[in-house]
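# Remarks on the overall topology
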Amino acid sequence: LKHAAATLGSGNLREAVKLPDGEDVNEWVAVNTVDFFNQINMLYGSMSEHCSAETCPIMSAGPRFEYHWADGQSVKKPIKCSAPKYMDYLMSWVQEQLDDESIFPSKVGVPFPKNFLTTAKTILKRLFRVYAHIYHQHFRSVIDLGEEAHLNTSFKHFNFFIAEFSLVEKRELQPLQDLIEKLGAQD
């Protein structure tokens with residue numbers, strides 16, 4: 001876990017995730033969800049050549065956690081698929097949510113839907129799974145690419161954010177519980 005301690009020395013992330021005075025919580029969650037999606041997409045993209053249907057025939061985070069894909073629309077019943085296929089489904093689905101003006105309104109004064117936080121929680125829960133997969137299945141590749149400080153800083157920021165607003169249930173975080181405790185103790 002010595003490489004898990006490396007971060008970019010990015011200031012106080014616990015303070016950075018707090019809702020700024022006068023800011024709407026939905027707006028804050030929306031902006032951060034977009035940022036985390038972009039970060040995770042970039043991090044996974046940088047090491048995706050190490051994640052194939054052969055190396056990762058099942059989307060998992062270690063031997064105890066397996067993830068099946070369902071979006072409730074085109075894939076109603078959860079399906080078992082390779083990690084790269086899951087990532088493709090996930091990134092496309094999240095992008096569709098972010099592009100949908102009825103879910104993520106981009107115009108000032110347009111209200112967020114009543115179920116916005118529920119949708120954001122689903123997105124963030126699924127994005128957590130990408131971190132979990134990378135840490136469990138590809139951390140050696142991350143180290144070889146010299147990206148562990150980027151990954152750790154991104155995950156630490158993500159974790160503080162979801163904790164601040166109770167956006168992902170604790171049971172979903174189990175695959176990275178030891179890391180969460182280690183990163184939390186550093187701050």
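As a reminder, the structure under discussion sits directly above these lines.
All of the points below concern the structure found in this document.

Criteria and thresholds
- Each chain carries its own residue numbering, running from 1 in the direction its sequence is written.
- Under the rules for a predicted model, residues below a pLDDT of 70 receive no local features and side-chain atom pairs below 80 are neither given nor counted, while totals for whole chains, interfaces and linings still include all residues.
- Processing note: side-chain calculations cover all non-hydrogen atoms of the structure and skip hydrogens and water entirely.
- To get an axis, a line is fitted to the C-alpha atoms, and for a helix only the part in contact is used. The angle between two axes follows their N-to-C directions and goes from 0 to 180 degrees.
- Put simply, DSSP marks the helices as runs of H or I at least four residues long and the strands as runs of E at least two long, and each gets a number from the N terminus on.
- Roughly parallel refers to an angle under 35 degrees, roughly antiparallel to one over 145, roughly perpendicular to one between 65 and 115, and oblique to any angle outside these ranges.
- When the near helix sits turned anticlockwise from the far one by under a right angle, the crossing is termed left-handed; a clockwise turn instead gives a right-handed crossing.
- The contact rule is simple, with two residues in contact once any of their heavy atoms fall within 4.5 Å.
- Salt bridges, as used here, are contacts in which a Lys or Arg side-chain nitrogen is within 4 Å of a carboxyl oxygen on Asp or Glu.
- Between buried and exposed lies partly exposed: a residue is buried under 20% and exposed over 50% of the maximum accessible area for its type, with that area taken using a 1.4 Å probe on protein chains only.
- Expected helix span is computed as 1.5 Å times (number of residues minus one).
- Directions pointing from the helix axis toward each C-beta atom define the arc.
- Put simply, Ala, Val, Leu, Ile, Met, Phe, Trp, Tyr, Cys and Pro go in the nonpolar bin, Asp, Glu, Lys and Arg in the charged bin, and everything else, Gly too, in the polar bin.
- Definition used in this section: a nonpolar core is a set of buried Ala, Val, Leu, Ile, Met, Phe, Trp, Tyr and Cys residues joined via side-chain atoms within 4.5 Å.
- Here a pair means two rings of Phe, Tyr or Trp (six-membered ring of Trp) with centres within 6.5 Å. Their orientation is stacked below 30 degrees between planes, edge-to-face above 60, and tilted elsewhere.

At a minimum axis distance of 11 Å, the contact between helix α2 (residues 25-47) and helix α3 (residues 83-99) shows a crossing angle of 155 degrees. Relative to α3, the element α2 lies roughly antiparallel. Crossing hand, α2 versus α3: left-handed. Each of Thr33, Val34, Phe37, Ile40, Asn41 and Tyr44 in α2 lies in contact with α3, whose residues at this interface are Pro84, Met87, Met91, Val94, Gln95 and Leu98.

Another point: the pattern of salt bridges. Under the counting rule described, the total for this entry stands at five salt bridges. Arg171 serves as the salt-bridge partner of Glu169, at 3.1 Å between the closest nitrogen and oxygen. Note on Arg171: relative accessible area 55%, which makes it exposed.

Quick look at α3 now. Compared with the 24 Å implied by 1.5 Å per residue over 17 residues, the 24 Å span of α3 between its first and last C-alpha is a close match. The set of residues buried in α3 consists of Ala83, Tyr86, Met87, Leu90, Met91, Trp93, Val94, Gln97 and Leu98. Looking down the long axis of α3, one finds its buried residues gathered within 165 degrees of arc, a one-sided arrangement.

What follows is about the environment of Phe158. Structurally, the position occupied by Phe158 is in helix α5 (residues 148-164). The class for Phe158 is buried, based on a relative accessible area of 0%. A sequence separation of 54 residues divides Phe158 from Phe104, and the C-alpha atoms of the two residues are 19 Å apart. Among residues more than four places away in sequence, those in contact with Phe158 are Phe36, Leu124, Leu127, Phe128 and Tyr131.

Attention shifts here to the packing of α3 against helix α4 (residues 116-144). Where α3 meets α4, the closest approach of the two axes is 11 Å, and the angle between their N-to-C directions is 150 degrees. With respect to their mutual orientation, α3 and α4 come out roughly antiparallel. Crossing hand, α3 versus α4: left-handed. Contacts between α3 and α4 involve Ala83, Tyr86, Met87, Leu90, Met91, Trp93, Val94 and Gln97 from the first element and Thr119, Thr122, Ile123, Arg126, Leu127, Arg129, Val130 and His133 from the second. Considering only residue class, the contact of α3 with α4 consists of ten nonpolar, four polar and two charged.

Residues Leu127, Tyr131, Phe155, Phe158 and Leu176 are the most contacted members of the largest nonpolar core, which totals 59 residues. Tallying contributions element by element places α4 first for this core, with 14 residues.

It is worth spelling out the side chain of His133 at this point. Position of His133 among the secondary structure elements: in helix α4. The contacts of His133, once residues within four sequence positions are left out, are Cys51, Cys56, Met59, Ser60, Ala61, Ala83, Met87 and His138.

As a further point, take the packing of aromatic side chains. In total, this model carries 14 aromatic pairs according to the counting rule given. Taking 5.4 Å as the distance between ring centres and 25 degrees as the angle between the ring planes, the aromatic pair formed by Tyr135 and Phe139 counts as stacked. With Tyr135 and Phe139 both in helix α4 and four residues apart, this pair spans about one turn of that helix. Its relative accessible area of 11% is what places Tyr135 among the buried residues. Residue classification places Phe139 among the buried residues on the basis of a relative accessible area of 15%. Considering the side-chain rings of Phe155 and Phe158, the 6.4 Å spacing of their centres and the 25 degrees angle between planes classify their relative orientation as stacked. In this pair, Phe155 and Phe158 are both assigned in helix α5, three residues apart and thus about one turn of the helix distant.

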